[in-house]
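Structural overview
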Amino acid sequence: MDIDLALAATAAVAFTAAGIVKGVVGLGLPLTAIAVLTLAMGLREAVPLIIVPVLITNFWQMTRGGMLVPLVRRFWTMIAPLGVGAWLGTVLLFAIDETLVGALLGAVIIVYSLVNIFAIRFRVPAGHEAWYSPGVGLLSGLLTGLTGSVGGPVAIYFQALGLDRETFLQAASLAFFLTALPWGGTLVAQGALDFEAAAIGAAALPPSFAGMWIGQRIGARLSPEVFSKGVFGFLILVGANLIRRAIV
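Here's what I pulled together on the structure shown here.

Reading the values: rules and limits
- Residues numbered from 1 in each chain as written.
- Predicted model: local features only at pLDDT ≥ 70, side-chain atom pairs only at ≥ 80, totals over all residues.
- Heavy atoms only, no water.
- Helix = DSSP H or I, 4+ residues; strand = E, 2+ residues; numbered from the N terminus.
- Contact = heavy atoms within 4.5 Å.
- Expected span 1.5 Å × (residues − 1).
- Buried < 20%, exposed > 50% of the residue type's maximum accessible area, 1.4 Å probe, protein only.
- Phe/Tyr/Trp six-rings, centres within 6.5 Å; stacked < 30°, edge-to-face > 60°.
- Patch = residues over 30% accessible without salt bridge, like charges linked within 9 Å, V, L, I, M, F, W, Y side chains within 5 Å.
- Areas by Shrake-Rupley, 256 points an atom, 1.4 Å probe, with all protein chains shown as cover.
- Salt bridge = Lys/Arg side-chain N within 4 Å of Asp/Glu carboxyl O.
- Core = buried A, V, L, I, M, F, W, Y, C linked by side-chain atoms within 4.5 Å.
- Polar contact = N/O pair within 3.5 Å; in protein donor to acceptor, adjacent residues only side chain to side chain.

Some thoughts on the environment of F234
Looking at where F234 falls in the secondary structure, it is placed in helix α12 (residues 224–247). Distance from F234 to V111, taken between C-alpha atoms, is 13 Å for residues 123 residues apart in sequence. When near neighbours in sequence (up to four residues on either side) are disregarded, F234 contacts V36 and L39.

Comments concerning helix α7 (residues 129–147)
For α7, built from 19 residues, the straight-helix expectation of 27 Å at 1.5 Å per residue is met to within 8% by its first-to-last C-alpha distance of 26 Å. Taken together, the buried positions of α7 are E129, S133, V136, G137, S140, G141, L143, T144, G145, L146 and T147. Note on α7: the residue one or two positions beyond its end, G148, has a positive phi of about 80°.

Description of the packing of aromatic side chains
Within this structure, the stated rule accounts for six aromatic pairs. Between W60 and F209, the ring centres sit 5.8 Å apart and the planes meet at 90°, which makes this aromatic pair edge-to-face. Of this pair, W60 sits in helix α4 (residues 51–62) while F209 sits in helix α11 (residues 205–221); the two residues are 149 residues apart in sequence, bridging distant segments of the chain. Residue F209 is classed as partly exposed on the basis of its relative accessible area, which comes to 29%. Among the aromatic residues, ring-to-ring pairing joins F75, Y157, F158 and F168 into one connected group.

As for a nonpolar patch on the surface
Judged by side-chain polarity, V84, W87, L88, L92, I96 and L138 come together as a nonpolar surface patch covering roughly 500 Å² of accessible area. The element that contributes the greatest number of residues to the nonpolar patch is helix α5 (residues 68–93), accounting for four residues. Of note, V84 is situated in helix α5. Residue V84 is classed as partly exposed on the basis of its relative accessible area, which comes to 48%.

What about the nonpolar core?
Grouped together as the largest cluster of nonpolar side chains are 75 residues, with contacts concentrated most on I50, F75, M78, F158 and W183. The element best represented in this core is helix α9 (residues 165–189), accounting for 11 residues. When residues no more than four places from it in sequence are discounted, the contact partners of F158 are F75, M78, L163, F168, A171 and A172.

So, the pattern of salt bridges
The tally for this structure, following the rule as stated, stands at one salt bridge. Between R74 and E129 there is a salt bridge; the shortest N-O distance is 2.9 Å. Residue R74 is found in helix α5, and its partner E129 is found in helix α7; the two are separated by 55 residues along the sequence. Given a relative accessible area of 37%, R74 falls into the partly exposed group.

A short note on the environment of V124
One can find V124 in the loop between α6 (98–117) and α7. When the C-alpha atoms of V124 and G162 are compared, they prove to be 8.6 Å apart, with 38 residues separating the residues in sequence. Leaving out residues up to four positions away in the same chain, V124 has contacts with E129, Y132, Y157, A160 and L161.

Looking at the side chain of T144
Along the chain, T144 turns up in helix α7. At 2.9 Å, the side chain of T144 and the backbone oxygen of S140 are in polar contact. If we ignore the near neighbours within four places in the chain, the residues touching T144 are S149, V150, G151, T179 and W183.

Printed below as a string of structure tokens:
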């Protein structure tokens, strides 16, 4: 099967940029990639391209450290609804107006960016984690399947729990990896994740890891806070453009 070289080149650029963001701040690869990709294509074409990079990069990150089993035990009540939400969101992506979904993605990008720019921090009251986890998982999975914006509510939730950086990164990668499994399966069932999309996603892995390497070097020389504010400022513009396209 022939591969669309222009599409592959666009994906390479998007994932290099996304890898740089992940390398500096530790997360944000799928959100940045989907934001850049939607500048050049529709959401239904962009979403299948990020499955393979999400699976591989998060598998790599979640296996670094010795907390995997304890994290699964702690967060399984959030992880299970993540899969259900990802399935439902993906079905909705192909059932409702794509322009409206793009506007929702724009809103999600803007809200998540503002939360990070202004360092808004929520707190989960002691003893309430068991009540919050299923709802956060379902919402995050739904937004993942519907918009491709992997894990925004999960990241905010883990910050609200006060996880240290290493635990946060491994827990987030675990959640994103396990979300991508049912998500990818549903995309296959919808006919959206085919050989070409998977091949382009696989070809985006070297740019993703190269971007992560560059980002780690940038992070060693530049304040992650300064860099992340610039990135999130750019994402706000992307989100606003998605909403504009839905309105105009």
